There are 2 protein chains.
Amino acid sequence: MDSTIMDYNLNIKSIFWRIEKLYKDREIISRTHEGIVRYKYSDFALRVRKLASLLKANGIAGETVASIAWNTHRHLELYFAVPLLGGVLHTVNVRFHESEMDYVIKAIGDRAVFMDKDIAYRNSTLPTFIFDETYDENVNSQEPTKDFTDVDEKEGAIACFTSGTTGKPKGVVYSHRSIFIHSLSLLTADVLGISSSDTVMPIVPMFHISAWDLPFASLMTGAKLVLPGPRPKAEDIVKLIKEFKVTVGVGAPTIWIDVVNYVERENLDLPLNVVVTGGAEPPLGLIKKLKELGVKTYHAWGMTETEAIATVNKSDNIERMSEQGYPIPAFEITLMDPEGNELPWDGKSTGELVARGAFVTKMYLNDKPDTQIRWFRTGDVARINPDGSVKVVDRLKDLIKSGGEWISSVDLENAIMSYEKVLEAVVVGVKDEKWGERPIALVVKKPGREVSEHEIIEYLKSLNKFPKWWLPDKIIFVDSIPKTSTGKLDKKLVRDQLRSMLESNK
Amino acid sequence: MDSTIMDYNLNIKSIFWRIEKLYKDREIISRTHEGIVRYKYSDFALRVRKLASLLKANGIAGETVASIAWNTHRHLELYFAVPLLGGVLHTVNVRFHESEMDYVIKAIGDRAVFMDKDIAYRNSTLPTFIFDETYDENVNSQEPTKDFTDVDEKEGAIACFTSGTTGKPKGVVYSHRSIFIHSLSLLTADVLGISSSDTVMPIVPMFHISAWDLPFASLMTGAKLVLPGPRPKAEDIVKLIKEFKVTVGVGAPTIWIDVVNYVERENLDLPLNVVVTGGAEPPLGLIKKLKELGVKTYHAWGMTETEAIATVNKSDNIERMSEQGYPIPAFEITLMDPEGNELPWDGKSTGELVARGAFVTKMYLNDKPDTQIRWFRTGDVARINPDGSVKVVDRLKDLIKSGGEWISSVDLENAIMSYEKVLEAVVVGVKDEKWGERPIALVVKKPGREVSEHEIIEYLKSLNKFPKWWLPDKIIFVDSIPKTSTGKLDKKLVRDQLRSMLESNK
């Protein structure tokens, strides 16, 4: 039977309606190259309407345009003005090489580029808007756009490419609907539970996965938003937290490790309520330290292909905080073996995590659509507890196959990093004639601490967690471990470097 | 540009997935004619699968079927089994007269009737299932249905008729999508913020507006659900709250007035966290008493045509608690004059509240669809504050037109009910040769209190709120005021009775 409910597009316009009508006096704070900008939602909405007119005046309304920009109010204005006109904002990773920028901008067909003034990229063929005083005057001098059309909710709104540790970057285009539903799901009490009395600071970059949709979710419910701007260091972050009374900080574990070290060193407090972290498993030591500082940690899991946060763990039990947690509303998961059979949720069976939901990609940009797709294969290897909590054990491609058995590099890394003298560790598989592959660990010592290979191996044994053949064949001490442009351990690069190193040693 | 996001139906199946996969051990408690039934989500899900098989065996899978039932687990099982098979559950108001039941069952074309055993309705032509031991055995003996099809989110799921104080009841059919989005919106921190650690008791009837979608929202996030069963009295409600540690109670103000009076009389505490109330404006005295008892009040506004809760007021400022509050996500409002022009949100302009959103009806059952509809006209007269908070001042049809000016019956009622000796009051307009209409008040005194007409008029004057010509021409003391089947003051009946009384006095 047909329903009698009206058609209503869950689109950026319906979020913008709330910003403009309900939360006029709420604030957005933006750390820019020129200093702190602080304005109200009503000022923001007016700027969005003026920016829309600027897009129209330049013939790029409704088109796909690129941003190469930090987390600032100018970037945020594009988040709304572009989709409100039916266009797609393609957020380009500022840490991409120029050749990668060229590649993604061509692949999606951008018609213009908006960027911060410290970005080196120069494209001779596309109109380029650089965020500076002239840009601001240009925007401010426009007449505000009066009406926006009601864009179909399934149209694209924001596009983003994976950081591409393997092969070329792959594009994902989020729809208006996916952004709306994902934001709403984030706002529920059992997910992030952000309210209008919160002050949210997304440190996760707006140039990647829309800063996990936090800007949309925060503005949808009238939270104060603090955007930490270009290259925020621990010192900048702590200053913003204190000055603007941030309650919820969102970023990768590496950022919070820096922040916690900084406040310890400077003997400061950290007046946050909640840290939301993801992108990599937060070390238990970090969670414990945040707890000592009075900060609760939410451990989230997600990926570019799930519009970031898709499971969340808010457990009070620190022993369970290494789990990635429970699927949020409008998101489903299960485990599959390589043949595509479902595996039981028994906390023991290990398989590939597969996902579907209202904010899960079915394909990559320019792929031929597969209308039959039921589950997206995440490439993460996981177990699922009987209560539905996910425990990611590795990336499919990071598993080490030794003597026909799997070794989890992530399990080993976490175990090594739980040793008090270790700052960071990465474990990769290198070719071995006898066993196929063998694990080798790269370890960064804590500043001022000494530790030997033997000591770490003995520590791993003492945990009684690993079979003997899991223990790394070699531990190499290094000063730092290469990271990807989104701050993850770059295992591909580590593998390549190790391989060439070991070969040159032959 | 097309998005790359997969199609994912926001349907009852996607809620059921969470119930079955994530919250197996959470509980549902049901007060029935036979006593308390307490079972886990996993038992519930199995019963739903078996009930689906019963529907199939009776040839009514995918059809529209009627329930005439109280808030119990058996009713809840139908909420899921019927839509999961692509059918529509038509919830019939148990307080309808038999002729009204006949009318609505024919109007929508029900193919079967499910009902509690104390319901008098007997329909000779439709297969009838009566909730008793035989019914339970019948369900339990079925093989559970294995797979449910993925019903299109825009299909109907639950249908409900307005209680019809004016004319025939009118039907509204909620879609899977509207239920999903409305439930998700309710779960956000700034709306009800219900979490998996809550225990929710919907006292609002499941036979009307799906108990405001609380059963769906609660199960979607794994909250414990307490269903108070047939004709719950204050005593039953308080007992359930205490026994099952209810944290969130949901019901009309009249119910909470009874509950508060009961706990005061019996010298009991009320260990609730939150009362969600709506359907009528809660008297400030009620909110104050709940506060004294340590209970926070959320004042919600909505109607059958908006799937119940559509605005919510959680203010700490008791003076503002008479406002209906802010529109929840995926719901928009504005004010219109009779010509359809938008009026300003200045807290002064009074106009008809109009609405649109993901859970707003565009028409009534069997109406010809109007594809051009942009706003649903609520029939409520309201002001909107600059910050977006709604203040409903009257129903369009309850405004009293005296000497060419409007008098708000609701404003007068609230003022009279704020007098300490008054229990209830209703104000209606009666015909007057000179003025067109004049206000007359019916007043119920508090038990054991004496009060005169003169005293109430003097009290109204002392408030300095009303022009002299607003004051009622007459105050009639009565023992009780007639209510509609959903517990609202039945102004239509009061007007009819008064009119015939005044005419017979001529």
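About the criteria used
Residues numbered from 1 in each chain as written. Chains lettered and ligands numbered in written order. Predicted model: local features only at pLDDT ≥ 70, side-chain atom pairs only at ≥ 80, totals over all residues. Heavy atoms only, no water. Helix = DSSP H or I, 4+ residues; strand = E, 2+ residues; numbered from the N terminus. Rg over C-alpha atoms; globule rule 2.2 N^0.38 Å. Buried < 20%, exposed > 50% of the residue type's maximum accessible area, 1.4 Å probe, protein only. Contact = heavy atoms within 4.5 Å. Lys, Arg positive; Asp, Glu negative; His and termini not counted. Charge placed at Lys NZ, Arg CZ, Asp CG, Glu CD. Least-squares fit on C-alpha atoms with pLDDT ≥ 70 in both. Salt bridge = Lys/Arg side-chain N within 4 Å of Asp/Glu carboxyl O. Pairing = 2+ DSSP bridges. Axes fitted to C-alpha atoms, helices over the stretch in contact; angles between N-to-C directions. Phe/Tyr/Trp six-rings, centres within 6.5 Å; stacked < 30°, edge-to-face > 60°. Lys NZ or Arg CZ within 6 Å of the ring centre and 35° of its normal. Buried area = accessible area lost by both parts, 1.4 Å probe. Polar contact = N/O pair within 3.5 Å; in protein donor to acceptor, adjacent residues only side chain to side chain. Parallel < 35°, antiparallel > 145°, perpendicular 65-115°, else oblique. Nonpolar A, V, L, I, M, F, W, Y, C, P; charged D, E, K, R; others polar. Arc of directions from axis to C-beta.

Asks: Explain the overall build of chain A residue by residue, including any values.
Replies: When you go through chain A residue by residue, the secondary structure sums to 14 helices and 25 strands. Computed over C-alpha atoms, the radius of gyration of chain A comes to 23 Å, within 12% of the 23 Å expected from 2.2 N^0.38 for 506 residues, which places it in the range of a compact globule. By principal-axis analysis of the C-alpha atoms, chain A measures approximately 70 × 60 × 45 Å. Buried positions account for 60% of the 506 residues belonging to chain A. Counting contacts in chain A only where the partners sit at least 6 residues apart, residues at least 24 apart contribute 66% of the total. Here chain A holds 65 positive side-chain charges and 71 negative ones, and the gap between their average locations is 1 Å.

Asks: Which residues make up the relation of the copies chain B and chain A, and what values go with them?
Replies: Each copy superposes on the other: chain B lies on chain A with an RMSD of 0.1 Å after a rotation of 180° and an axial shift of 0.0 Å. Such values leave the two copies arranged in the relation of a two-fold axis. Taking C-alpha positions as reference, the residue of chain B nearest the rotation axis is B:Thr188, located at 1.9 Å. When you check the interface residues of chain B against chain A, 100% turn up at the interface there too, and the contact is symmetric in its surfaces.

Asks: Describe helix 9 (residues 234–244) of chain A, listing the residues and the values that go with them.
Replies: Each α-helix turn comprises 3.6 residues. Residues three or four places apart therefore point the same way. Looking at helix 9 of chain A, one finds that the buried residues are A:Ala234, A:Asp236, A:Ile237, A:Val238, A:Leu240, A:Ile241 and A:Phe244. Of the surrounding elements, those touching the buried residues of helix 9 of chain A are strand 1 (27–32), strand 2 (35–40), strand 9 (199–202), strand 10 (224–227) and helix 10 (253–266) of chain A.

Asks: Describe in detail the pattern of salt bridges, supporting the description with residues and values.
Replies: Counted according to the given criterion, the structure contains 56 salt bridges over all chains. For A:Arg47, the salt bridge goes to A:Asp136, with nearest N and O atoms at 3.0 Å. A residue pair is termed long-range when its members are at least 10 positions apart, and A:Arg47 in helix 2 (residues 41–57) and A:Asp136 in helix 5 (residues 133–140) qualify at 89 residues. The same class applies to A:Arg47 as to A:Asp136, namely buried. Of the charged contacts in the structure, one is a salt bridge between B:Glu413 and B:Lys491, with a shortest N-O distance of 2.8 Å. Here the residue B:Glu413 occupies a position in helix 12 (residues 409–417), and B:Lys491 occupies one in helix 14 (residues 491–505), the gap between them amounting to 78 residues. Residues B:Glu413 and B:Lys491 agree in their burial class; the two are buried.

Asks: Pulling in residues and values, what's your account of unusual backbone geometry?
Replies: Positioned with a positive phi, A:Glu307 is a non-glycine residue whose angle comes to about 55°. As for its position among the elements, A:Glu307 is in the loop between strand 13 (296–303) and strand 14 (308–313). We note that B:Ala211 has phi near 50°; this positive angle belongs to a residue other than glycine. On the secondary structure map, B:Ala211 appears in helix 7 (residues 209–212). Here B:Ala211 falls in the buried class, since its relative accessible area comes to 0%.

Asks: Describe the sheet that holds strand 3 (residues 64–68) of chain A, and please don't skip the residues or the numbers.
Replies: Remark on secondary structure: sheet strands pair via backbone hydrogen bonds, oriented parallel or antiparallel. Residue and element names in this part refer to chain A. Spatially, the six strands line up as an open sheet ordered 6-5-3-4-7-8, and their pairing is mixed. Each end of this open sheet is capped by a strand with a single partner; those strands are strand 6 (128–131) and strand 8 (171–175). Neighbour-to-neighbour, the strand axes of this sheet turn through a mean angle of 20°, independent of strand direction. Inspection of the sheet shows strand 3 paired to strand 5 (residues 113–116) by three bridges, in the parallel sense. Paired with Ala 66 across the bridge in strand 5 is Val 113.

Asks: Run through the packing of aromatic side chains, naming residues and quoting values.
Replies: Counted under the stated rule, the structure contains 32 aromatic pairs over all chains. Taken together, a centroid distance of 6.3 Å and an interplanar angle of 80° make the contact between A:Phe114 and A:Tyr135 edge-to-face. In this pair, A:Phe114 is assigned in strand 5 and A:Tyr135 in helix 5, connecting sequence segments 21 residues apart. Overall, A:Tyr135 belongs to the buried group, its relative accessible area being 4%. By the ring-pair criterion, three or more aromatic residues cluster together here, those being A:Phe16, A:Tyr39, A:Phe44, A:Tyr79, A:Phe80, A:Phe148 and A:Phe216. Looking at A:Lys21, its charged tip hangs above the ring of B:Trp345, at a distance of 4.6 Å from the centre. One residue, A:Arg356, lies across the ring of A:Trp375, its end atom 3.9 Å from the ring centre.

Asks: Please give an account of the interface of chain B and chain A that cites residues and values.
Replies: The partner chain A presents 66 residues to the 66 residues of chain B that form the contact. Summed over both sides, the interface of chain B with chain A buries roughly 5400 Å², with 58% coming from carbon and sulfur. The three residues of chain B that bury the most area against chain A are B:Met1, B:Thr4 and B:Met6, which together make up 16% of that side's buried surface. Linking chain B to chain A there are four salt bridges. Across the pair A:Lys154 and B:Asp7 runs a salt bridge whose closest N-O atoms are separated by 3.3 Å. At the surface where chain B touches chain A, the tally comes to 32 residue pairs in polar contact (both at pLDDT 80 or more).

Asks: Would you mind going over the sheet that holds strand 18 (residues 351–357) of chain B in detail, with residue names and values included?
Replies: In space, the five strands of this open sheet follow the order 17-16-18-19-20 (chain B), with antiparallel pairing throughout. Looking at which strands have only one partner, the edges of the open sheet turn out to be strand 17 (342–343) and strand 20 (390–395) of chain B. Two strands pair when backbone bridges link them, and strand 16 (residues 331–336) of chain B and strand 17 of chain B are joined in this way by two bridges, in the antiparallel orientation. If you follow B:Leu335 over to strand 17 of chain B, its bridge partner there is B:Leu343. Packing of helix 1 (residues 12–21) of chain A onto the sheet brings it into contact with strand 16 and strand 17 of chain B, and relative to strand 16 of chain B it is tilted by some 55°.

Asks: Describe the packing of helix 1 of chain A against helix 6 (residues 176–187) of chain A, listing the residues and the values that go with them.
Replies: When two helices pack together, their arrangement is captured by the angle between the axes and the distance separating the axes. Residue and element names in this part refer to chain A. Direction vectors running N to C along helix 1 and helix 6 enclose 50°, while the axes themselves pass 8 Å from each other. Regarding the angle of helix 1 to helix 6, the classification is oblique. Contact with helix 1, carried on its side by Ile 12, Ser 14 and Ile 15, involves His 176, Ile 179 and Phe 180 of helix 6 and no other residues of that element. Among the residues forming the contact of helix 1 with helix 6, the class breakdown is four nonpolar, two polar and no charged.

Asks: Requested: an account of helix 13 (residues 453–462) of chain A, with residues and values cited.
Replies: All names here are of chain A. Among all positions of helix 13, only Ile 456, Ile 457, Tyr 459 and Leu 460 are buried. Around the axis of helix 13, the buried residues are gathered within 155° of arc, so they sit on the same side. Buried residues belonging to helix 13 abut helix 12 (409–417), strand 23 (422–432), strand 24 (436–445) and strand 25 (474–477). Remark: Asn 464 follows helix 13 within two positions and exhibits a positive phi of approximately 55°.

Asks: Before we move on, can you summarise the environment of B:Asp110 with the specific residues and values?
Replies: All names here are of chain B. Mapped onto the elements, Asp 110 comes out in the loop between helix 4 (98–108) and strand 5 (113–116). Assessed through its relative accessible area of 5%, Asp 110 is described here as buried. Taking C-alpha positions, Asp 110 is 9.7 Å from Ser 67, a pair spaced 43 residues apart along the chain. Those residues within four positions of Asp 110 in sequence are excluded, and the remaining contacts are Thr 64, Val 65, Ala 66, His 90, Ile 105 and Leu 126.

Asks: Residues and numbers for the environment of B:Thr64, please.
Replies: Mapped onto the elements of the fold, B:Thr64 is located in strand 3 (residues 64–68). Measuring from C-alpha to C-alpha, the distance between B:Thr64 and B:Gly86 comes to 9.1 Å, with 22 residues separating the pair along the chain. Every residue in contact with B:Thr64, bar those within four places of it in the chain, is listed here: A:Met1, B:Val88, B:His90, B:Ile108, B:Gly109, B:Asp110, B:Arg111 and B:Ala112.

Asks: Now, about the pairing of strand 3 of chain A: what can you tell me, with residues and values included?
Replies: Residue and element names in this part refer to chain A. Of all five residues making up strand 3, five are buried, and the element is well covered by its neighbours. With burial as the criterion, each face of strand 3 is covered, one bearing Thr 64, Ala 66 and Ile 68 and the other bearing Val 65 and Ser 67. In this structure, strand 3 lies alongside strand 4 (residues 88–91), joined through four bridges in parallel fashion. From the neighbouring strand, Thr 64 faces strand 4, where its bridge partner is Val 88.

Asks: Residue-level account of the side chain of B:Glu424, with values.
Replies: Residue and element names in this part refer to chain B. Structurally, Glu 424 can be placed in strand 23 (residues 422–432). Judged by its relative accessible area of 17%, Glu 424 is buried. Within the structure, the side chain of Glu 424 is placed 3.1 Å from the side chain of Lys 483, a separation counted as a polar contact. Here Glu 424 is in contact with Thr 254, Met 417, Leu 442, Val 443, Val 444, Ile 481, Lys 483 and Leu 489, once residues within four sequence places are set aside.

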